[in-house]
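Per-entry structural report
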Amino acid sequence: MAMAVTSLYPLTAGPISTNYAAYSQSSCPVSLALRSSLFRCRIPGSFSAKKLRLPRPESAPSMKRLKAVSASASHHSFDVVVVGAGIIGLSIARQFLLESDLSIAVVDRAVPCSGATGAGQGYLWMAHKTPGSDTWELAVRSRKLWETLANSLNDQGLNPLDILGWMNTGSLVVGSSSEDTIKLQERVNQLMEAGVRAEFLSSRELEQKEPALFVQEESGAAFLPGDCQLDAHKAVAYIEKVNREFISQGRYGEFYNNPVMSLLRAYDKGEVEAVQTLKCTLHCKKAIVIAAGCWSGCLMNDLFCESDISVDIPVKPRKGHLLVLGNFDSVQLNHGLMEFGYMNHQNLLSNPTSSVMNGQELSVSMTATMDSMGNLVLGSSRQIAGYNTEVDETIIDFIWKRAADFFPKLRETSISKLRKSRKVRVGLRPYMPDGRPAIAPVPGSNVFLAAGHEGSGLSLALGTAEMVVDMVLGKPLQEHGDACKIERQKQPFVLPGKRISY
Ligand SMILES: Cc1cc2nc3c(=O)[nH]c(=O)nc-3n(C[C@H](O)[C@H](O)[C@H](O)COP(=O)(O)OP(=O)(O)OC[C@H]3O[C@@H](n4cnc5c(N)ncnc54)[C@H](O)[C@@H]3O)c2cc1C
């Protein structure tokens, strides 16, 4: 899906100052007292105008070709520049456009869905989320926002299935041992106490609900009838369409195939005033939001590398494969399914289906959904394997075999025979070691970060967008509703790592 570089937004009226400096070692340092709104403390530091450094080639291979920015690059001006056109960045842009009168630019080094978003299976489930965990309230809020969106499409006479690939399938987390089922029973109680509709299914009930599934005496499942799913590509296309409706008002611009290279600030001010991309300069009057998925860590390092704000976001790419089978009638599903072991995916090696392959931790847990086009979608793998997105046939075999443990009908077909009718999706989940996305302002700057959603970025996108917009607009906490209020009091979404030099 190659798209031409688009610069849909006309140059804004009014003068644009070009008195910006790339971070340059030779420039005089400007001492600032950085105030962290997040930690509510004053942070002494000096913010120097320093030299632009390009992203490190080994961590972002496709950026190797980047050279110095052309002096004739065009200039555009917006209130907010969002870096990254994955589900997180596009949702943030949409939220700004709908909830404020600010103008927004979205810039991506490639095109939407070229990152993790394009590989997403699309379940927006509460089944594998833990009540009371750091991300629980965000998940609840986000899910509510997705439902509100689907309902509003219905109210407009549009079909959410067509527009978003929206399906109210319900979800089943399947346990195959008595140990699993005891834990699933506890999980169901916990979810019910948290106000989520959930029920525990015995092996017999499970068999009736999902006839294609191999069910043993000791099997059982957590069933969440309210869980739903969407199609990531359709959802992204819809959000882009909504965003583009603001072009005619001069409030939206897309800059695709246009990697961000540095942040620029005026000599006499600490705030970032522009984003330098390969092809243009995007001036930002209010804020910059970095939503570059698994690339956010190295991008932030490079953007802040020689300033005294030391940002260390330990986000890593966690490679995932999904197998998509078209016209495959042997297995039909009534619900979305995942195996119990999936819930341990944060710590790969604690997962019973994990192994070490070529020195890399690998885990394959069964997930199975039917998408809105009737394809059977089987997942999924997790690997820390750098930024490589090539299909690995060994992993496809693992996924197939693991799925066959749950759907014996699959054993009647060899995966190699399905080569023509299958598709494989590979994406790099933005993995955070502590399992929490980083949604926060960079202390002492007008830069905000929204990254690290690992396997839940589709689910958490709308809640994340709401949080970011409220943070940028400086809305009081209570306007976040209870969900974000509680979370932010506990400060779960701080920037992990060394954050900032004190
Ligand atoms: C196999 C698989 C299955 C999944 N299933 C689900 C699921 O069922 N449900 C769910 O909720 N989540 C799921 N996820 C997770 C979800 O897809 C991710 O959490 C989510 O897509 C992350 O979105 P993002 O916008 O942060 O990142 P991305 O989609 O990766 O977007 C980041 C963007 O930043 C751009 N970028 C990078 N560097 C630069 C730069 N220097 N300049 C400009 N742009 C830059 C990239 O080109 C990219 O487009 C799955 C992921 C995988 C891999």
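The present account deals with the structure reproduced in this document.

Quick notes on the rules
- Residues numbered from 1 in each chain as written.
- Predicted model: local features only at pLDDT ≥ 70, side-chain atom pairs only at ≥ 80, totals over all residues.
- Helix = DSSP H or I, 4+ residues; strand = E, 2+ residues; numbered from the N terminus.
- Buried ≥ 20, exposed ≤ 12 C-beta atoms within 10 Å, placed from the backbone.
- Contact = placed C-beta atoms within 7 Å.
- Pairing = 2+ DSSP bridges.
- Axes fitted to C-alpha atoms, helices over the stretch in contact; angles between N-to-C directions.
- Parallel < 35°, antiparallel > 145°, perpendicular 65-115°, else oblique.
- Left-handed = near helix turned anticlockwise from the far one by under 90°.
- Nonpolar A, V, L, I, M, F, W, Y, C, P; charged D, E, K, R; others polar.
- Expected span 1.5 Å × (residues − 1).
- Near = placed C-beta within 6 Å.
- Domains from an automatic or database assignment.

We now examine the overall build of the chain. Counting secondary structure elements, the chain contains 10 helices and 22 strands. Each of the 502 residues in the chain was classed as buried or not, and the buried ones make up 51%. The contacts in the chain between residues at least 6 apart in sequence include a share of 74% that link residues at least 24 apart.

Here we take up the pairing of strand β9 (residues 220–224). In terms of residue burial, β9 counts as a mostly covered element, since 5 of its 5 residues are buried. Across the two faces of β9 the burial is the same, with Gly220, Ala222 and Leu224 and Ala221 and Phe223 all buried. In terms of strand pairing, strand β7 (residues 171–175) meets β9 through 5 bridges, oriented antiparallel. The partner of Leu172 across the bridge, within β9, is Phe223. The pairing of strand β8 (residues 199–201) with β9 spans 3 bridges and is antiparallel. Following the sheet pairing, Phe200 is matched in β9 by Ala222.

A word on unusual backbone geometry. Geometrically, the link from Gly379 to Ser380 is a cis peptide bond, its omega value of -25 degrees lying close to zero. Along the chain, Ser380 falls in strand β19 (residues 376–383). Its identity is not glycine, yet Cys113 carries a phi of approximately 75 degrees, on the positive side. Take Cys113: it is sitting in the loop between β5 (104–107) and β6 (123–124).

Running from N to C, helix α1 (residues 87–99) and helix α9 (residues 457–473) point in directions that differ by 40 degrees, and their axes come no closer than 8 Å. On the basis of their axis angle, the class for α1 and α9 is oblique. Crossing angle aside, the handedness with which α1 passes α9 is right-handed. Note on element contacts: α9 touches α1 through Gly457, Leu458, Ala461, Leu462, Thr464, Ala465, Glu466, Val468 and Val469, opposite Ile87, Ile88, Ser91, Ile92, Arg94, Gln95, Phe96 and Glu99. Grouping the amino acids of the contact of α1 with α9 by side-chain chemistry returns 10 nonpolar, 4 polar and 3 charged.

Turning our attention to helix α6 (residues 232–244). Across its 13 residues, α6 extends 18 Å between first and last C-alpha, which sits within 8% of the 18 Å expected from 1.5 Å per residue. What α6 keeps buried is the set Ala232, Lys234, Ala235, Val236, Tyr238, Ile239 and Asn243. The inward-facing, buried residues of α6 contact α1, α3 (160–164), β11 (252–255) and α9.

Here we take up the site of the ligand. The ligand sits among 42 residues. The nearest are Gly86, Gly115, Gly293, Gly427 and Gly457. Elements with a contribution of two residues or more to the shell around the ligand: α1, β15 (316–325), β19, β20 (422–431) and α9. Here the residues of the shell around the ligand are counted per class, giving 19 nonpolar, 19 polar and 4 charged. When residues of the shell around the ligand are sorted by domain, at least three fall in each of domain 1 (20–118 + 233–314 + 435–489) and domain 2 (168–228 + 316–431).

Treat this as a map of the structure, not an account of what it does.
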